[in-house]
Each structure stands twice: as structure tokens, then as C-alpha cells.
Amino acid sequence: MPHIFSIYDMKRFGLIAVSLCTLLLTSCLETSENYTPSVSVSYFVSSEGDTLAWHYYANDDYYYLDSVSVGDTVFFSVGFMSYANMLVSCDISWDSTILDLRPMLAADFIKALSSQSDTTVCHYAFKEGYNGAYVPVRFVPIRSRDTRLTFSVTSDAEQVSNTDKMSVWVYVR
């Protein structure tokens, strides 16, 4: 004969299930969270509104942007994330003899920067309390030659890597 659960049995089963779920979820919590920071880049868009193709090659650990012509204007955004940790600094580096690169810094972004920042060379050091930043950027190739854009971020993470870097090769024709 099949067993029929009473209301009392169902309440007890529900209470046990909720208790087990609570125990399971709280056991996953750590008192100190550490995550490796990350760098991400949006799509590259030309001044004509075309999205430029770019590809990742794992063997080289680089992204490659399809070729752009001297004088073209290219727009993109770069994101720096430290998740539960705080940003310490981020950098954008490039060959200024090949690209005229200009970050478009918002007033709120500038307020987040500490005195150790040097915005003329795109080194951004942050005041305490920031875990993410996005920087809209535009560049114009001024000379025909392949070059590389490099983005790096440092956070206050401990017990894991506290840096990340991304490079994008740009073919200028």
C-alpha cells in the first residue's frame, strides 16, 4: 500500500530541505574573497560605423584586429574589473609614432584617480573603493606599420594573481 504523506511530514521535509540548502549555500562563502582581475575590450568601430573584425589566436595569446588605414578613426572601450577586490591601477600602452590614441575620460572617472596617475601616458592609479572602470578610447593611425595596443590591470587581490594583461595587434596599411 502506498505511503501517503501527512501535512506534518511535508512541513518536516520542507524544513529539512530549507536547512540543508542554507547550510550548503553558507558553506560556500569565504571570509576573504580574492579574484584575479580582468581586462576586456568592446568591439572596434570605425568612424564610418563599421565594426572591425578581430580574432583571438591562442597560440600567440594575442588578439589581432583586421587592418585599418592611415587616417581612419577607430573607437572602442576597454574595461578593467577587479570583482570583489579593489582596483589599484590600469594602463594602456601603444606606439605613439604609429597611433594617435586618445582616451575620452569622463569626469567621474577622473574623480576616482589618485595623485599617482599620469593621464598623459594612460597610467591610471585609483583611490580606494573602486572595483571597475571603463575607458572609451579612439585612435587614428598616423603611419603605416603593424603595432600593438596593450591593456593591463592590477588589483589588491592576495593569494591569486593580482594582474591581467591583454594585447591587440593592429595592422595599419
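Residues numbered from 1 in each chain as written. Predicted model: local features only at pLDDT ≥ 70, side-chain atom pairs only at ≥ 80, totals over all residues. Heavy atoms only, no water.

1. Here we look at the layout of surface pockets
In this model, the largest pocket occupies a volume close to 180 Å³. For the largest pocket, the full set of lining residues is Y56, D60, D61, Y62, Y63, R148, K165, M166 and S167. Within the residue set of the lining of the largest pocket, elements represented by two or more residues are β5 (62-68) and β12 (163-172). For the lining of the largest pocket, the leading source of residues is β12, giving three residues. Residues of the lining of the largest pocket, tallied by class, amount to four nonpolar, one polar and four charged. (1 Å grid on protein atoms, 1.4 Å probe; cavity = no way out; pocket = protein on both sides within 12 Å on 5 of 7 lines; lining within 4 Å. Points joined across faces, edges and corners; volume = space filled by probe spheres on them. Helix = DSSP H or I, 4+ residues; strand = E, 2+ residues; numbered from the N terminus. Nonpolar A, V, L, I, M, F, W, Y, C, P; charged D, E, K, R; others polar.)

2. A word on the pattern of salt bridges
In the structure shown here, the tally under the stated rule is one salt bridge. Residue R102 pairs with D100 through a salt bridge whose shortest N-O separation is 2.9 Å. (Salt bridge = Lys/Arg side-chain N within 4 Å of Asp/Glu carboxyl O.)

3. Remarks on the sheet that holds strand β7 (residues 87-93)
Read across the open sheet, the six strands follow the order β4-β5-β12-β11-β7-β9; overall the sheet is mixed. Looking along the sheet, the strands with just one partner apiece sit at the ends: β4 (54-57) and β9 (123-125). Strand-to-strand twist across the sheet, computed as the mean angle between neighbouring axes with direction ignored, equals 15 degrees. Pairing between β5 and β12: four bridges, direction parallel. Looking at β12, one finds that L65 is bridged to V170. (Pairing = 2+ DSSP bridges. Axes fitted to C-alpha atoms, helices over the stretch in contact; angles between N-to-C directions.)

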